[in-house]
Amino acid sequence: MTLTRRKDFLAANSGRRAPMPGFVLLVKPRDDGDPTMRVGYTVTKKIGNAVVRNRIKRRFRALAREVLPVSGVAGADHVLIGRGDGLTREFAQLKRDLAKALAKTQR
């Protein structure tokens, strides 16, 4: 499920944070008894124009589809905040980074 409401993104901002070269991962358990994982993506205009931002978000969606079902935190909101390296970094390296970031937030 995808996060769309601003209040959900703001709530996730108070969660655990794991900075990586291509993105920053925020993980916030919801504590509402629902085991569904939710994910949101945000890339600011500072990173680039609309084409660049959308390309990064597409990469993040593919990344989340592959990694979150295996390593994600059940019942939590996950937010990927794009950084400049999110576009140029190899996809395999981004996958390793996301797995590492998820392990970091679960400690």
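Residues numbered from 1 in each chain as written. Predicted model: local features only at pLDDT ≥ 70, side-chain atom pairs only at ≥ 80, totals over all residues. Heavy atoms only, no water.

A. Focus on the overall build of the protein chain. Scanning the protein chain for helices and strands turns up four helices and four strands. Along the protein chain, from the amino end to the carboxyl end, the secondary structure elements read α-β-β-β-α-β-α-α. Compactness check: the protein chain gives a C-alpha radius of gyration of 13 Å against a globular reference of 13 Å for 107 residues, within 12% of the reference. Counting only C-alpha atoms and orienting by the principal axes, one finds that the protein chain spans roughly 40 × 25 × 20 Å. Per-residue burial for the protein chain yields a buried fraction of 39% across its 107 residues. For the protein chain, restricting intrachain contacts to residue pairs at least 6 apart in sequence, the fraction spanning at least 24 positions comes to 79%. Charge centroids of the protein chain, computed over 24 positive and 9 negative side chains, lie 7 Å from each other. (Helix = DSSP H or I, 4+ residues; strand = E, 2+ residues; numbered from the N terminus. Rg over C-alpha atoms; globule rule 2.2 N^0.38 Å. Buried < 20%, exposed > 50% of the residue type's maximum accessible area, 1.4 Å probe, protein only. Contact = heavy atoms within 4.5 Å. Lys, Arg positive; Asp, Glu negative; His and termini not counted. Charge placed at Lys NZ, Arg CZ, Asp CG, Glu CD.)

B. Summary view of the side chain of Arg30. Here Arg30 is to be found in the loop between β2 (23-29) and β3 (38-42). Side-chain polar atoms of Arg30 contact the backbone oxygen of Ala76, separated by 3.3 Å. In this structure Arg30 touches Thr36, Arg38, Gly75, Ala76 and Asp77, once residues within four positions along its chain are discounted. (Polar contact = N/O pair within 3.5 Å; in protein donor to acceptor, adjacent residues only side chain to side chain.)

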